[in-house]
Each structure stands twice: as structure tokens, then as C-alpha cells.
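Letter by letter, the chains look like this.
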Amino acid sequence: MSEKELKEVHLRRFYIERKGNIVAEGTEFTNGVCVLSWLSFAHSVEVHSNIKELIRIHGHHDEAVVRWIDGPRIGVPVSGSSQFDM
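Below or above, wherever it landed, is the structure these notes cover. (Residues numbered from 1 in each chain as written. Predicted model: local features only at pLDDT ≥ 70, side-chain atom pairs only at ≥ 80, totals over all residues. Heavy atoms only, no water.)

**A word on the environment of E17**
For E17, the location among the structural elements is in strand β2 (residues 12–18). Note: C-alpha distance between E17 and V66 (49 residues apart in sequence) is 6.5 Å. (Helix = DSSP H or I, 4+ residues; strand = E, 2+ residues; numbered from the N terminus.)

**Section: the side chain of R12**
Turning to its location among the elements, R12 is positioned in strand β2. One polar contact links R12 to E28, side chain to side chain, over a distance of 2.6 Å. (Polar contact = N/O pair within 3.5 Å; in protein donor to acceptor, adjacent residues only side chain to side chain.)

**Regarding the pairing of strand β4 (residues 34–38)**
Here β4 shows a clear split, with C34, L36 and W38 buried on one side and none of V35 and S37 buried on the other. Of the pairings in the sheet, the one linking strand β3 (residues 21–28) to β4 comprises 5 bridges and is antiparallel in character. Residue pairing in the sheet places E25 in a bridge with S37 of β4. Counting the residues in the hairpin turn of β3 and β4 gives 5 residues, including G32, whose phi is positive at 95°. (Buried < 20%, exposed > 50% of the residue type's maximum accessible area, 1.4 Å probe, protein only. Pairing = 2+ DSSP bridges.)

**Things to note about the pattern of salt bridges**
A complete count under the given rule lists 3 salt bridges for this structure. In this structure, the salt-bridge partner of E28 is R12, at a minimum N-O distance of 2.6 Å. Linking E28 in strand β3 with R12 in strand β2, this pair joins segments that are 16 residues apart in sequence. Per residue, the accessibility class of E28 equals that of R12, and both read buried. (Salt bridge = Lys/Arg side-chain N within 4 Å of Asp/Glu carboxyl O.)

**Quick look at the packing of aromatic side chains**
In this structure the tally under the stated criterion is 1 aromatic pair. A ring pair is formed by F14 and W68, whose centres lie 5.3 Å apart and whose planes are at 65°; its orientation type is edge-to-face. One end of the pair, F14, is in strand β2; the other, W68, is in strand β6 (residues 64–68), and 54 residues separate them in sequence. Classification of W68 as partly exposed rests on a relative accessible area of 30%. Sitting over the face of the ring of W68, R12 holds its NZ or CZ atom 3.4 Å from the ring centroid. (Phe/Tyr/Trp six-rings, centres within 6.5 Å; stacked < 30°, edge-to-face > 60°. Lys NZ or Arg CZ within 6 Å of the ring centre and 35° of its normal.)

**Concerning the environment of C34**
With respect to the secondary-structure elements, C34 resides in strand β4. According to the relative accessible area criterion, C34 is buried, its value standing at 0%. Placed 19 residues apart in sequence, C34 and E53 show a C-alpha to C-alpha distance of 9.2 Å. Excluding residues within four positions of it along the chain, C34 makes contact with F14, T27, E28, E46, V47, H48, N50, I51 and L54. (Contact = heavy atoms within 4.5 Å.)

Rendered as C-alpha cells:
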């Protein structure tokens, strides 16, 4: 997707819960890429191609659950001027 093609933003936040504890928080970007920040002592950050990949790697046989903060993907029109407007 080029900057000229971007008409809507589909950014949404989530967290990962395992055994009743929140263990990580993340963001899914418009292009489907997910960034995950672990809330452990290591404080590491990961980038995944999409949410399915993230779940496949960190799902722990369905012990970990992705909880969406922002709900389903709903388009938010890009408005105003920014460095991305062409």
C-alpha cells in the first residue's frame, strides 16, 4: 500500500491475557502488521506480519487470548494535513 492509496486508518489496540493475567499489549496497524510489547521483566518488543502469526507463535495451545480494546476494524477517515498527505 502506498502513501497515496491510504484513505482510512484501521489502527487498533489489544492485549494478551494468559491464565487471567495481562502479559503483553500491542497494536495492529492498517496493513495488518502487529507490534507486541511484553510486560515482563525483559520488556521486549516484537513485530509480526499479522495477528494470525502472532497467535500461532504465542497462543500457547489456546491458553493465551487476544483481547481487543478497540473492537472490530472500522475505517477511520484520514483527515487534515500531515506528512503523509500527497
